[in-house]
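Chain by chain, the residues run as shown.
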Amino acid sequence: MDNDLKAILSLARRRGSKYVKKEYSTNEFSEQMAELGIYMLEKVERRNADKEERLTLKELSEIQQRVDHFRKAIFSLKRSGLK
């Protein structure tokens, strides 16, 4: 892994994610997409910090729920744009 990516992962972990599972407008979409990305980077950095430790089922479920919520939000925004 190159040094730039390591620095980004470290920054993501220190900053933390502010992703909120709610309905959001098209103006908030890119911000929430970035927050979800930071959340994912944060999890990768935690996993890379301790190679022996695996993500728990609870953590994997939480990741899946956030990604699924974001997917639903995309389709909701898409539907509202078609009306």
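Below, the structure is looked at part by part. (Residues numbered from 1 in each chain as written. Predicted model: local features only at pLDDT ≥ 70, side-chain atom pairs only at ≥ 80, totals over all residues. Heavy atoms only, no water.)

Examining the environment of arginine 15
1) Next: Within the secondary structure, arginine 15 sits in helix α1 (residues 3–15).
2) Next: Looking at arginine 15, the relative accessible area reads 41%, which means it is partly exposed.
3) Next: In sequence terms arginine 15 and tyrosine 39 are 24 residues apart; their C-alpha atoms lie 9.6 Å from each other.
4) Next: Apart from residues lying up to four places away in sequence, arginine 15 is in contact with Glu35 and Ile38. (Helix = DSSP H or I, 4+ residues; strand = E, 2+ residues; numbered from the N terminus. Buried < 20%, exposed > 50% of the residue type's maximum accessible area, 1.4 Å probe, protein only. Contact = heavy atoms within 4.5 Å.)

Looking at α1
1) Next: Across its 13 residues, α1 extends 18 Å between first and last C-alpha, which sits within 8% of the 18 Å expected from 1.5 Å per residue.
2) Next: Looking one or two residues past α1, glycine 16 carries a phi angle of roughly 80°, positive in sign. (Expected span 1.5 Å × (residues − 1).)

Some words on the side chain of histidine 69
1) Next: By the secondary structure assignment, histidine 69 is in helix α3 (residues 57–82).
2) Next: A residue is classified by how much of its surface remains accessible, and histidine 69, at 14% relative accessible area, is buried.
3) Next: Within polar-contact distance, the side chain of histidine 69 engages the side chain of tyrosine 19 at 2.7 Å.
4) Next: For histidine 69, the residues in contact, after removing those within four places along its chain, are Tyr19, Val20, Lys21, Lys22 and Tyr24. (Polar contact = N/O pair within 3.5 Å; in protein donor to acceptor, adjacent residues only side chain to side chain.)

Some points on the environment of methionine 40
1) Next: Following the sequence through the fold, methionine 40 ends up in helix α2 (residues 26–49).
2) Next: C-alpha of methionine 40 to C-alpha of valine 67: the two residues are 27 residues apart in sequence and 9.4 Å apart in space.
3) Next: Apart from residues lying up to four places away in sequence, methionine 40 is in contact with Ile63 and Val67.

Overview of the pattern of salt bridges
1) Next: For the structure on display, the rule yields six salt bridges.
2) Next: Across the pair arginine 15 and glutamate 35 runs a salt bridge whose closest N-O atoms are separated by 2.7 Å. With a gap of 20 residues between them, arginine 15 in helix α1 and glutamate 35 in helix α2 connect regions that are remote in the sequence.
3) Next: The closest approach of N and O atoms between glutamate 62 and arginine 66, which form a salt bridge, is 3.3 Å. Linking glutamate 62 with arginine 66, this pair stays in helix α3, spanning four residues, or about one helical turn.
4) Next: The class for arginine 66 is buried, based on a relative accessible area of 18%.
5) Next: Here the salt bridges do not stand alone but share partners, grouping Asp68, Arg71 and Lys72 into one network. (Salt bridge = Lys/Arg side-chain N within 4 Å of Asp/Glu carboxyl O.)

Description of the packing of aromatic side chains
1) Next: In this structure the tally under the stated criterion is two aromatic pairs.
2) Next: Judged by centre distance (5.4 Å) and plane angle (20°), the rings of phenylalanine 29 and phenylalanine 70 are stacked. In this pair, phenylalanine 29 sits in helix α2 while phenylalanine 70 sits in helix α3, placing the two residues 41 residues apart along the sequence.
3) Next: The class for phenylalanine 29 is partly exposed, based on a relative accessible area of 23%.
4) Next: Using a relative accessible area of 8% as the deciding quantity, one classes phenylalanine 70 as buried.
5) Next: Three or more aromatic residues link up through ring pairs in this structure, and these residues are Tyr19, Phe29 and Phe70. (Phe/Tyr/Trp six-rings, centres within 6.5 Å; stacked < 30°, edge-to-face > 60°.)

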